[in-house]
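The residues making up each chain are set out below.
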Amino acid sequence: MSKKKAGSIAVPYLVTIFIGIIIVGGGTFFLLRYLGILDGEKKLPEPTPRQITTTSYADNHTILFILDEPEKKKCSTTFMLMRSVPKDKKIVFLGLPTNTIAVIDGTQQSLDASYQSGGASAAVNFTEHLFGITVDRYMKFDSSAFIKLCDILGGVSYPVSADIAGFNGDGSEQYLNAEQIDKLVTYSMFKDGETERAYTVSSVISAMVNQASGMRIADNFDNTFNTIVNMTDTNITAVDYKTHKTAIKNMFERGNSISKFFIMDGSAAYDDFIPSDAFIRDFVETYYSYDESKESEEQSEDE
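Residues numbered from 1 in each chain as written. Predicted model: local features only at pLDDT ≥ 70, side-chain atom pairs only at ≥ 80, totals over all residues. Heavy atoms only, no water.

The helix and strand inventory of the protein chain stands at 10 helices and 12 strands. Looking at the protein chain as a whole, 41% of its 303 residues are labelled buried. For the protein chain, restricting intrachain contacts to residue pairs at least 6 apart in sequence, the fraction spanning at least 24 positions comes to 64%. (Helix = DSSP H or I, 4+ residues; strand = E, 2+ residues; numbered from the N terminus. Buried < 20%, exposed > 50% of the residue type's maximum accessible area, 1.4 Å probe, protein only. Contact = heavy atoms within 4.5 Å.)

Next comes the structure, spelled out in structure tokens:
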């Protein structure tokens, strides 16, 4: 039997490889041409640019909350100041004793008397003079609006020490629904009077914010705003909301335990409360003074 030459085997093998290269290469060529890479007619789609929302100290705002329930004749109006700093993911609540007094334009005035004579705008004016700040907006709640807000936030677990019907009263933590929260913050017989009530309203609201789901609040923020703003007397506008809503939603989405509260420091003078100048100075310095140059540097780095 005759042996096949080596060349007779190698030639068909090389031909097979050559044909394979042509098939694969041709397929690749037509694919690239279809995608427009070779002829320039079509290009691979550009990646979707990442949207970057910048939160700055320009988003800071101060709101005076007023709870007025005239049907509860034994309880005075409730006042609470809120300072929001979305860039730092901070919300600060400060209850203002209704009997707080201050000398304004050479005359001694009280917070409650200012409100009773001039309404929410007069209470704002009093607060601005007392702290030397700008109060951007106010929201005045009645019982229904306040209970609705508490329902939206989801109630709170809170230790109640006061001897109030329907509460543990021993300082142990218990869950409070919206109606119970309203009853607690409008209780008129706290041992330390209006000072303790101011502390209670700021601490319970702060706890409620921290215990609520930040993502849930952010996801429902539009509906919440529309509901509450239509139930309250407020000078907050749709433009205000549109300007700050992204920063506020980001604060709730990305923040953790964002809320805190302060106890108004001061001294009693008969039926009046005289706030501490040192406390006011420290409070304003901490939450109203910011290094704008540092913010500019951070923005430059982001760019």
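From this point on, the discussion continues.
Let us look at helix α8 (residues 238–254). With 17 residues, α8 should reach 24 Å at 1.5 Å per residue; the first-to-last C-alpha distance of 24 Å fits that figure. Largest kink in α8: about 50°, centred on H244. All of the buried residues along α8 are D240, Y241, H244, A247, I248, N250, M251 and F252. (Expected span 1.5 Å × (residues − 1). Bend = angle between axes of the 7 residues up to and from the residue.)

Here the focus is the pairing of strand β3 (residues 90–96). Within β3, six of the seven residues are buried, leaving the element largely enclosed by the surrounding structure. With seven bridges connecting them, strand β2 (residues 78–85) and β3 associate as antiparallel partners. Within β3, the position partnered with F79 by the bridge is L96. As consecutive antiparallel partners, β2 and β3 are separated by four residues, and within that stretch K89 has a phi angle of approximately 55°, a positive value. As defined by bridge partners, β3 adjoins strand β10 (residues 259–262) across four bridges and the pair is classed as parallel. Residue pairing in the sheet places V92 in a bridge with K260 of β10. (Pairing = 2+ DSSP bridges.)

Most peptide bonds take the trans configuration, and most residues that are not glycine carry a negative phi. Its identity is not glycine, yet D105 carries a phi of approximately 55°, on the positive side. With respect to the element layout, D105 can be found in the loop between β4 (101–104) and β5 (107–110). Even without glycine at this site, S257 takes up a positive phi of about 50°. Note on placement: S257 falls in the loop between α8 and β10.

Interaxial distance between helix α7 (residues 221–229) and α8 falls to 11 Å at its minimum, and their mutual angle equals 135°. Classified by the angle between their axes, α7 and α8 sit oblique to one another. Remark: the crossing between α7 and α8 carries right-handed chirality. Here F221, D222 and F225 of α7 come into contact with α8, specifically with Y241, K245, I248 and K249. Looking at the contact of α7 with α8 residue by residue, the class counts come to four nonpolar, no polar and three charged. (Axes fitted to C-alpha atoms, helices over the stretch in contact; angles between N-to-C directions. Parallel < 35°, antiparallel > 145°, perpendicular 65-115°, else oblique. Left-handed = near helix turned anticlockwise from the far one by under 90°. Nonpolar A, V, L, I, M, F, W, Y, C, P; charged D, E, K, R; others polar.)

Ordered by their spatial adjacency, six strands build an open sheet running β9-β6-β1-β2-β3-β10, and the pairing between neighbours is mixed. The sheet is open, and its two borders are formed by β9 (233–234) and β10, each paired with just one other strand. Pairing geometry for strand β1 (residues 61–67) and β2, over seven bridges, is antiparallel. Residue pairing in the sheet places H61 in a bridge with S84 of β2. Along the sheet face, helix α2 (residues 111–131) touches β1, β2, β3 and β6 (137–141) and points at about 155° away from the line of β1.

This part takes up the side chain of E69. One can find E69 in the loop between β1 and β2. With relative accessibility at 5%, the residue E69 sits in the buried group. Discounting chain neighbours no more than four positions away, the residues touching E69 are D142, S143, D182 and T186.

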